[in-house]
Amino acid sequence: MRQLQYFIAVCEELHFTKASEKIGISQPTLSLQIKALEEELGMTLFDRAGKKIKMTDAGKLLLQHSAHALKDLQQAKASIEELRTEQRGSLRIGIALPELEESLHEMLIHFHQSFPRVSLHIPSFDVTEQLLDNRMDVGITLHSGMDERLVQLPLRTENYCLVVPVEHVFSNRSSITLDELRHVSWAMQPECHPGRKLIEKCFRDRGYPFATVLETNSIPSILRWVQEGLAVTLQTESLAAELDRSQFCTVPILCGVLQGQLELIYRSGRYQGEALKRLIEKIQAVLAVRSN
């Protein structure tokens, strides 16, 4: 960019000394910069014969493109400065547990009010894989092991409990064991869901079957099937606490065997703008607020 600025100054003055005075550098330095530019291009840009220089055909062609190039570079610089000061752009938040979106809803509204030019994208899929591929900025998931490529910030512990309709045979129980749940029909999130993986592993480790009659990320759909008596479900206590007690009952799992550590993750060593830093702080404030 600097070489192009020097080149344009010489084109305007057609005199190295006057051009050097105009841009505030010494004449030898300017001559060396133009020489370096000519060597890089492999073409002579100025005919230096006599006291007054003139542009060669190559020089005229470069000048034609230089004005556009400098304009684009200056626009890019201005846009980057605008991004730095006003924080516009987009942030991608991967939520591996879609049921958490409701608890984040109010926080995201406040975030948007603070950063109105930052758009938010909230996909729900393999958060860790997307982060490692730099296709996501920050993720929320259940801890599944340490990864040195990621920063992993613990949020809160999630205990899972049984959710049944009020008229169900288990509705008055103070607790229940997995052994008693071996043959029930389940309405659950899909197999890719971290909570579902945790639950199914607990059953599998004990040699118990886990038969689903409905798999969906839609919590309202899961609850509708439970309400109709078609299935039961296992959900986090934080989600269960929001349910209508006239419709549903929650039963703790004995000994708390179904438990996961919710964590916020992002790529280690990646640049964080002010908006992303604030978003991470706000997620921590909402989801680390209590320990179940």
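Look up a bit, the structure's there.
Residues numbered from 1 in each chain as written. Predicted model: local features only at pLDDT ≥ 70, side-chain atom pairs only at ≥ 80, totals over all residues. Heavy atoms only, no water.

**Things to note about the overall build of the protein chain**
When its secondary structure is counted, the protein chain shows ten helices and eleven strands. The C-alpha radius of gyration of the protein chain comes to 31 Å, more than 25% above the 19 Å expected for a compact globule of 292 residues. For the protein chain, the spread of C-alpha atoms along the three principal axes comes to 105 × 40 × 30 Å. Residue burial in the protein chain is summarised as follows: out of 292 residues, 41% are buried. Residue pairs at least 24 apart in sequence account for 73% of intrachain contacts in the protein chain once pairs closer than 6 positions are excluded. Per element, the accessible surface of the protein chain, about 16,100 Å² overall, is 50% carbon and sulfur. Between the centroid of the 33 positive side chains of the protein chain and the centroid of its 37 negative side chains there is a distance of 8 Å. (Helix = DSSP H or I, 4+ residues; strand = E, 2+ residues; numbered from the N terminus. Rg over C-alpha atoms; globule rule 2.2 N^0.38 Å. Buried < 20%, exposed > 50% of the residue type's maximum accessible area, 1.4 Å probe, protein only. Contact = heavy atoms within 4.5 Å. Areas by Shrake-Rupley, 256 points an atom, 1.4 Å probe, with all protein chains shown as cover. Lys, Arg positive; Asp, Glu negative; His and termini not counted. Charge placed at Lys NZ, Arg CZ, Asp CG, Glu CD.)

**Details of helix 10 (residues 274-287)**
Taking 1.5 Å of rise per residue, the 14 residues of helix 10 would be expected to cover 20 Å, and the 20 Å separating its terminal C-alpha atoms lies within 8% of that figure. For helix 10, the set of buried residues is A275, L276, L279, I280, I283 and L287. End-on, the buried residues of helix 10 take up no more than an arc of 135°, which puts them together on one face. Packing partners of the buried residues in helix 10 comprise strand 3 (89-95), helix 5 (101-114), strand 4 (118-121), strand 5 (138-142), strand 6 (150-165) and strand 11 (259-267). (Expected span 1.5 Å × (residues − 1). Arc of directions from axis to C-beta.)

**Topic: the pairing of strand 11**
Each regular strand shows side chains that alternate between the opposite faces of the sheet. As judged from the four bridges shared by strand 5 and strand 11, these two strands associate in the antiparallel manner. Within strand 11, the residue paired with L142 across the bridge is L262. For strand 6 and strand 11, the ladder comprises nine bridges, and the chain directions are antiparallel. If you follow P154 over to strand 11, its bridge partner there is E263. (Pairing = 2+ DSSP bridges.)

**Description of a nonpolar patch on the surface**
There is a patch of nonpolar side chains on the surface, built from V213, W225 and L230 and spanning about 250 Å² of accessible area. Within the secondary structure, W225 sits in helix 8 (residues 219-227). Overall, the relative accessible area of 30% leaves W225 in the partly exposed class. (Patch = residues over 30% accessible without salt bridge, like charges linked within 9 Å, V, L, I, M, F, W, Y side chains within 5 Å. Salt bridge = Lys/Arg side-chain N within 4 Å of Asp/Glu carboxyl O.)

Remember, this is a structural readout, not a statement about activity or role.
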